Structures are given as C-alpha cells and as structure tokens.
Amino acid sequence: MRWIWIDRFLEFESGKSAKAVKNLSTAEDHFRDHFPGYPVMPAALIIEGLAQTGGILVGEANQFREKVVLAKIAKTRFEREMFAGEQLIYQVEILMMRPEAASVLGKVFVGGVQTAEAEIFFAHLDQARSKQMFGDHNFVFSGELKYLLGLAKVASQTGKDSPG
Amino acid sequence: MATKEEIYAKVSATLIEALNVEEDEVKPTSTLQGDLGAESIDYLDIVFRLEREFGIKIPRNELFPEAVLQGDPDIVQNGKVTPKGIEDLKEKMPFADLTEFAKNPEVNNFSDLFTVALIARYIEGKLAAGKN
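Residues numbered from 1 in each chain as written. Chains lettered and ligands numbered in written order. Predicted model: local features only at pLDDT ≥ 70, side-chain atom pairs only at ≥ 80, totals over all residues.

The subject of this paragraph is the overall build of chain B. Each helix and strand in chain B was counted, giving five helices and two strands. N-terminal to C-terminal, the α/β element order of chain B is α-α-β-β-α-α-α. On C-alpha atoms alone, chain B measures out to a radius of gyration of 15 Å, which is about the 14 Å that the 2.2 N^0.38 rule sets for 132 residues. Once the C-alpha set of chain B is aligned to its principal axes, its extents read approximately 40 × 35 × 25 Å. Taken over 132 residues, chain B has a buried fraction of 26%. Across chain B, contacts joining residues at least 24 apart in sequence account for 59% of those joining residues at least 6 apart. (Helix = DSSP H or I, 4+ residues; strand = E, 2+ residues; numbered from the N terminus. Rg over C-alpha atoms; globule rule 2.2 N^0.38 Å. Buried ≥ 20, exposed ≤ 12 C-beta atoms within 10 Å, placed from the backbone. Contact = placed C-beta atoms within 7 Å.)

Right under this line is the structure:
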C-alpha cells in the first residue's frame, strides 16, 4: 500500500491554499477492521490527508528545499464520522510561514458541509543538522510524495479545476 | 492600547490553546516547561500564536533566546551561566527579571525564567515600542 492519503489536488495556490480530494473506497484495507460492517475512515488517516495536502503546500512555497515534517496538531475537531463511499474535500490554508516552521488550518468537507477541522504545525528540519544526519537528499519529498508533487504541479498550472 | 490586564488575558488564552491546558492551571508564576508542560516545538507554536493574536513580529531568539545558551564557553561554563553570560542575557532579555536566576545560574534552571508573567511583560514591551 502506498502511503498517500489524497487522490489528487483540485486547486493549488502557491504559498496560500490548496484543495485536494480523497474518495473513500471500501477496497481500502483498513475498512475491513475499522470496523467490520461499519466502515469508518480512521480519524488519524483523515488528519494524515490534511497534513499531506498542507505539507505539500508548505513545501512548494519553499521550492521543496526544506524538509517539512509534521510537528504538532494543536487543535482538531470532528463533527461526525466519515464512511466508505463518501468523498472528502481537504481545504488547507497557510496561517503562518517562517524560515523555521509553518502552520496551516485544514478543513474537511463532505457534500459542501464541514465535517472536521485541524490546526497543523510543521517544522522545517534544521538545515545544518538534518544535512549531517540525512545528507542532501530531501527524504520528505521523495518517492510517494513526489507522485503527489506531480499532481500539485498539474493543479497549479491548470488553476481551478472542477471535476466534481 | 491594550491594558496590562487585557494583555495578560490574551497571553493566557494563547497558552491555553497552544499547550492544551486548563484555564485554572495558567497563573502568572506558572513556568511554561515545568508547570504547563511545554516542549521545544511548543515554543515556536506560542510565538506564531502571539504574533497573530497581537499583530506583532517576534524575531527568532528574541522571546526565547535559545542560541544564547548553546555551547559558547564564554557564556556557559560547567553547566552554569558565566557573569558575562548573565550580562548578555540582561541585554537580550530586558523583559526578564534575572535577579533570582543570577544567584544560582545553572543552565538547567534557565527554563524556569519563562513564566506566563514574563511573556505578558514581553508583549507589553513590544506593544509599547510599536506605539512610538
């Protein structure tokens, strides 16, 4: 399984906001156990989807030079459970952006109604120290997330896109 | 211009949000780390929130001058801040009362300086400076 919890970007405004879609499919493994006969999307995976949307938004604003890592979820609120078969829209905006960190406000919508909200804080790994530990390679924006980057680029180039 | 009480109330509300603590836990003398459980990333979060709440800019290391105590042998020796280091801190942190800390300036005690009241004093200074 690939650790990608958004399907694609719908909108992407550099340094400002991003919108992504995540369709919840019964074929996703976790629905088998969470819960049998009652397929609820785990809240942590919804947060992960918001964090991926926000992390790419923050990373792109710095041309992916920084290693952006999820550092803290200060506040989160779920209005209801979300089920297999539903389409989640992740809307994220940058609240603050500094050389050492960034924070975003993420909201989840289903059918135009807000179902969850989270304030997510990202740290930029210390340049000097992370270089020592991990080398020049930006391990955050590689592999699976690179695939998402491609999607983000498409969304930012085509501007607003409304498939659904 | 916000009054001292208004500033304190906003600082207190900011810390309750950032550190997820109860209102009655936040007192002027509460230390961020010891009493309210702040960890390193929380300090940045607090700075972000204060900037937004008060519409000010807080340059890195101004409110929480971590760099002051990192490794410089002129400033820290044998786990204690040197007299020169204390002078340095006084200059960089005019909003802090270093009298008690200077009596036993162990680096480990440094975090105890950062109380709710200190943050409020810092903000008062920033707002007053911004007015001029």
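Once the structure has been displayed, the description carries forward.
What follows is about the overall build of chain A. A count of helical and extended segments in chain A gives four helices and six strands. Listed N to C, the secondary structure of chain A is β-β-α-α-β-β-β-β-α-α in terms of helices and strands. Looking at chain A alone, contacts between residues at least 24 apart form 67% of all its contacts between residues at least 6 apart.

Before going further, it helps to examine the domain arrangement of chain B. Each assigned domain of chain B is listed here: domain 1 (1-59 + 114-132) and domain 2 (65-111). With centres defined by C-alpha atoms, the gap from domain 1 of chain B to domain 2 of chain B works out at 21 Å. (Domains from an automatic or database assignment.)

Residues and elements named next belong to chain A. The strand order across the open sheet built from six strands is E1-E2-E4-E5-E6-E3, with neighbouring strands paired in antiparallel fashion. Each end of this open sheet is capped by a strand with a single partner; those strands are strand E1 (8-13) and strand E3 (68-78). Direction aside, neighbouring strands of the sheet carry axes that sit 20° apart on average. Relative to strand E4 (residues 87-98), strand E2 (residues 17-23) runs antiparallel, the two being bridged by seven bridges. By the bridge assignment for E4, Ala18 is matched with Val92. (Pairing = 2+ DSSP bridges. Axes fitted to C-alpha atoms, helices over the stretch in contact; angles between N-to-C directions.)

It is worth spelling out the environment of Val69 of chain A at this point. Looking at the element boundaries, Val69 of chain A is found in strand E3. Separated by 78 residues in sequence, Val69 of chain A and Tyr147 of chain A have C-alpha atoms that sit 18 Å apart.

What follows deals with the interface of chain B and chain A. Listed as interface residues are eight residues of chain B and, on the opposing side, ten residues of chain A. When contributions to the side of chain B that touches chain A are tallied by element, the ones reaching two or more residues are helix H1 (4-19) and helix H2 (40-54) of chain B. Looking at the side of chain B that touches chain A element by element, the count peaks at five residues for H2 of chain B. Its residues assigned to classes, the side of chain B that touches chain A shows four nonpolar, no polar and four charged. (Nonpolar A, V, L, I, M, F, W, Y, C, P; charged D, E, K, R; others polar.)

For the rest of this paragraph, the subject is unusual backbone geometry. The omega torsion of the bond from His34 of chain A to Phe35 of chain A falls at 0°, within 30 degrees of zero and hence cis. By the element assignment, Phe35 of chain A lies in the loop between helix H1 (30-33) and helix H2 (43-61). Positive phi, normally seen in glycine, also occurs at Phe64 of chain A, with a value near 60°. Looking at the secondary structure, you find Phe64 of chain A in the loop between H2 and E3. With 18 C-beta atoms counted inside 10 Å, the residue Phe64 of chain A sits in the partly exposed group. Even without glycine at this site, Asn61 of chain B takes up a positive phi of about 75°. Along the chain, Asn61 of chain B turns up in the loop between H2 and strand E1 (76-77). Judged by C-beta crowding, with 11 C-beta atoms within 10 Å, Asn61 of chain B ranks as exposed.

Residue and element names in this part refer to chain A. With five bridges connecting them, E1 and E2 associate as antiparallel partners. What sits directly across from Arg8, in E2, is Val21. Taking the residues between adjacent antiparallel strands as the criterion, E1 and E2 are bridged by three residues, where Gly15 takes a positive phi near 70°.

Time to look at the environment of Gly34 of chain B. Residue and element names in this part refer to chain B. When you line up the elements, Gly34 lands in the loop between H1 and H2. Along the backbone, Gly34 and Asn109 are 75 residues apart, and their C-alpha atoms lie at a distance of 10 Å. When residues no more than four places from it in sequence are discounted, the contact partners of Gly34 are Ser111 and Asp112.

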